[in-house]
Amino acid sequence: MGARIDHLGIAVKDLARAEPLFAALLGTPAAGREVVASEGVEVSFFRVGESRIELLQATGPESPIARAIERRGEGVHHVCLAVDDIDAEVARLRGLGFQFVGDAPRPGAGGHRVAFIHPKSAGGVLVELSQAGEGGH
Ligand code: ZN
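Residues numbered from 1 in each chain as written. Predicted model: local features only at pLDDT ≥ 70, side-chain atom pairs only at ≥ 80, totals over all residues. Heavy atoms only, no water.

**Structural notes on the coordination of the zinc ion**
Around the zinc ion, the protein contributes the donor atoms H7 (NE2), E54 (OE), H78 (NE2) and E128 (OE), which lie 2.1 to 2.2 Å from the metal centre. Geometry at the zinc ion is irregular, judged from its four donor atoms and the angles of 87 to 175° they form at the metal. Of note, the donors binding the zinc ion are all from one chain and are spaced H-x46-E-x23-H-x49-E. Of this pair, H78 sits in strand β5 (residues 75–82) while E128 is found in strand β8 (residues 127–131), placing the two residues 50 residues apart along the sequence. Neither H78 nor E128 differs from the other in exposure class; each is buried. (Donors = N, O, S within 2.8 Å, 3.2 Å for Na, K, Ca; no water. Tetrahedral: all angles 85-135°; square planar, octahedral: opposite > 155°, others 65-115°. Helix = DSSP H or I, 4+ residues; strand = E, 2+ residues; numbered from the N terminus. Buried < 20%, exposed > 50% of the residue type's maximum accessible area, 1.4 Å probe, protein only.)

As C-alpha cells, then:
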C-alpha cells in the first residue's frame with residue numbers, strides 16, 4: 001500500500017493576501033478556513049486534484065508557523081500523507097527509528113487525527129500524517 005499526498009502545507013504571513021494569490025494561481029476559490037488553536041494556526045484549504053494545498057498563518061508569535069517564517073521565510077512548510085490507521089502507522093514508523101514532534105497522534109484541522117515526523121529523521125522534510133475522521137474530509 002503506497003502513500004497518498006493529502007496536502008502540501010505552505011506557511012504564509014497573511015492569509016488575506018495569500019488566499020487571492022493562490023486562488024488565481026490554482027484557478028479555484030479557497031474551500032474554507034479553520035483556526036486550529038492547539039497548533040497556533042489559521043488554515044485555508046484549496047482543492048488540487050486528489051490533493052489539497054493548505055495555507056497556514058500564525059495566530060500568535062509563539063506559533064510554530066511564526067517561528068518557521070522567522071527562520072526560513074514564507075513557503076512550503078510540510079508534506080501531509082493520508083493514512084488509514086494513524087496509530088498503526090505511528091507505531092510502524094517509530095519502530096523504524098522515525099522521531100515524532102510532540103504528541104503523536106493529536107487532533108488536527110477538519111476533525112483529522114495528525115502526527116508530525118521530525119525533519120531530522122525524514123530527509124529535512126516535516127512530514128504530517130493524517131487520518132480522516134468518520135465523515136472523511
Ligand atoms: Zn497540514
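**As for unusual backbone geometry**
Between A104 and P105 the backbone carries a cis peptide bond, its omega angle lying at -5°. Position of P105 among the secondary structure elements: in strand β6 (residues 100–107).

**Thoughts on the nonpolar core**
For soluble globular proteins, nonpolar side chains are generally found buried alongside one another. Formed by V83, I86, V90, L93, F100, A104, A115, I117, A122, V127 and L129, the largest nonpolar core amounts to eleven residues. Elements that contribute at least two residues to this core include exactly α3 (86–95), β6, β7 (113–117) and β8. Setting aside chain neighbours within four positions, we find V90 in contact with F100, A104, A115 and L129. One finds V36, V43, L56 and I69 within the second-largest nonpolar core, a separate group that totals nine residues. (Core = buried A, V, L, I, M, F, W, Y, C linked by side-chain atoms within 4.5 Å. Contact = heavy atoms within 4.5 Å.)

**Thoughts on the pattern of salt bridges**
If charged atoms from side chains of opposite charge come close, those side chains can pair. Inspection of the entire model under this criterion finds six salt bridges. Note that E42 and R33 form a salt bridge whose closest N and O atoms lie 3.4 Å from each other. The shortest N-O distance in the salt bridge between D87 and R113 comes to 3.1 Å. Pair noted here: D87 is in helix α3 and R113 is in strand β7, with a separation of 26 residues, a long-range link. The exposure class assigned to D87 is partly exposed, which follows from its relative accessible area of 40%. Given a relative accessible area of 34%, R113 falls into the partly exposed group. What emerges from the salt-bridge pattern is a single network uniting E19, R33 and E42. (Salt bridge = Lys/Arg side-chain N within 4 Å of Asp/Glu carboxyl O.)

**A word on the side chain of Q57**
Counting through the fold element by element, Q57 comes out in strand β4 (residues 51–58). Take Q57: its relative accessible area is 17%, and that puts it in the buried class. Within the structure, Q57 has its side chain in polar contact with the backbone nitrogen of L15 (distance 2.6 Å). Once you skip the residues sitting within four places of it in the chain, Q57 turns out to touch V12, K13, D14, L15, G40, V41, E42 and I65. (Polar contact = N/O pair within 3.5 Å; in protein donor to acceptor, adjacent residues only side chain to side chain.)

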